[in-house]
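Residues per chain, in single letters:
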Amino acid sequence: MSKSFLGPLNHVGVAVPDIHIAIGFYKKVLEVKDITDPVDLPSQGVTYSFVNLPSGQVELIQPYGKNSPILKFLNKNPKGGQHHICFEVVDIFKASEEMKKKGMRVLNEPRIGAHGTLVVFLHPGDSGGVLIELMETPLKTF
Ligand code: CO
């Protein structure tokens with residue numbers, strides 16, 4: 001039996017204009033207890049927090065710096081919105097090549113993402129309007 005290409009859905013990325021307001025919403029209104037403090041990731045132009053849920057995470061991302069890749073999205077969606085979905089793969093380099101072979105536009109060379117593992121993004125124009133992040137499965141720490 002062949003192993004499926006995609007591993008678990010890891011997280012849903014949500015772009016927000018103000019990460020502290022967003023964290024307040026998840027805490028107070030949705031009553032989520034486990035939310036990580038915001039961390040700046042200058043190499044990706046975002047500040048992020050993880051909303052930890054039993055089934056996975058919501059990744060809150062706020063622009064960091066003038067060249068943030070999510071500024072354009074927030075200009076179009078000033079209140080923020082669902083920005084990308086992230087699936088795990090076993091080997092990011094193999095996955096990236098496989099996607100290119102299938103005609104997908106892979107937007108970057110594998111680079112370290114917010115979870116500390118390598119990620120690539122696939123052009124939403126090739127995937128039904130959804131920006132897809134592929135991420136190498138993190139080593140489980142339990
Ligand atoms: Co992400």
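The model shown is predicted, which means the values in this text are computed figures rather than measured ones. (Residues numbered from 1 in each chain as written. Predicted model: local features only at pLDDT ≥ 70, side-chain atom pairs only at ≥ 80, totals over all residues. Heavy atoms only, no water.)

*Asks:* Explanation requested: the pairing of strand S7 (residues 118-122) in the structure shown.
*Replies:* Each regular strand displays side chains that alternate between the two surfaces of the sheet. Counting buried positions along S7 yields five of five residues, so the element is predominantly enclosed. Going residue by residue along S7, you find Leu118, Val120 and Leu122 tucked away on one face and Val119 and Phe121 tucked away on the opposite face as well. Summarising the sheet, strand S6 (residues 111-112) and S7 pair through two bridges and their orientation is antiparallel. Along S7, the bridge assignment pairs Ile112 with Leu118. Remark: five residues form the turn of the hairpin made by S6 and S7, two consecutive strands paired antiparallel; Gly116 in that turn has positive phi of roughly 80°. (Buried < 20%, exposed > 50% of the residue type's maximum accessible area, 1.4 Å probe, protein only. Helix = DSSP H or I, 4+ residues; strand = E, 2+ residues; numbered from the N terminus. Pairing = 2+ DSSP bridges.)

*Asks:* Help me out: how do you make sense of unusual backbone geometry in this one?
*Replies:* Trans is the prevailing form of peptide bonds, just as negative phi is the prevailing case for residues other than glycine. Phi at Glu31 takes a positive value of approximately 60°, unusual for a residue other than glycine. Structurally, Glu31 can be placed in the loop between helix H1 (19-29) and strand S2 (39-41).

*Asks:* What's the story with the coordination of the cobalt ion in this structure? I'm lost.
*Replies:* Reference values for angles at a metal are 109.5 degrees in the four-donor tetrahedral case and 90 or 180 degrees in the six-donor octahedral case. Bound to the cobalt ion are the protein donor atoms His11 (NE2), Glu59 (OE), His84 (NE2) and Glu133 (OE), situated 2.1 to 2.3 Å from the metal. Positions of the donor residues of the cobalt ion along the chain correspond to the pattern H-x47-E-x24-H-x48-E. With a gap of 25 residues between them, Glu59 in strand S4 (residues 56-63) and His84 in strand S5 (residues 81-89) connect regions that are remote in the sequence. Of the two residues examined, Glu59 and His84, each falls in the buried class. (Donors = N, O, S within 2.8 Å, 3.2 Å for Na, K, Ca; no water.)

Interpretation note: all reported values are geometric properties and have no functional meaning in isolation.
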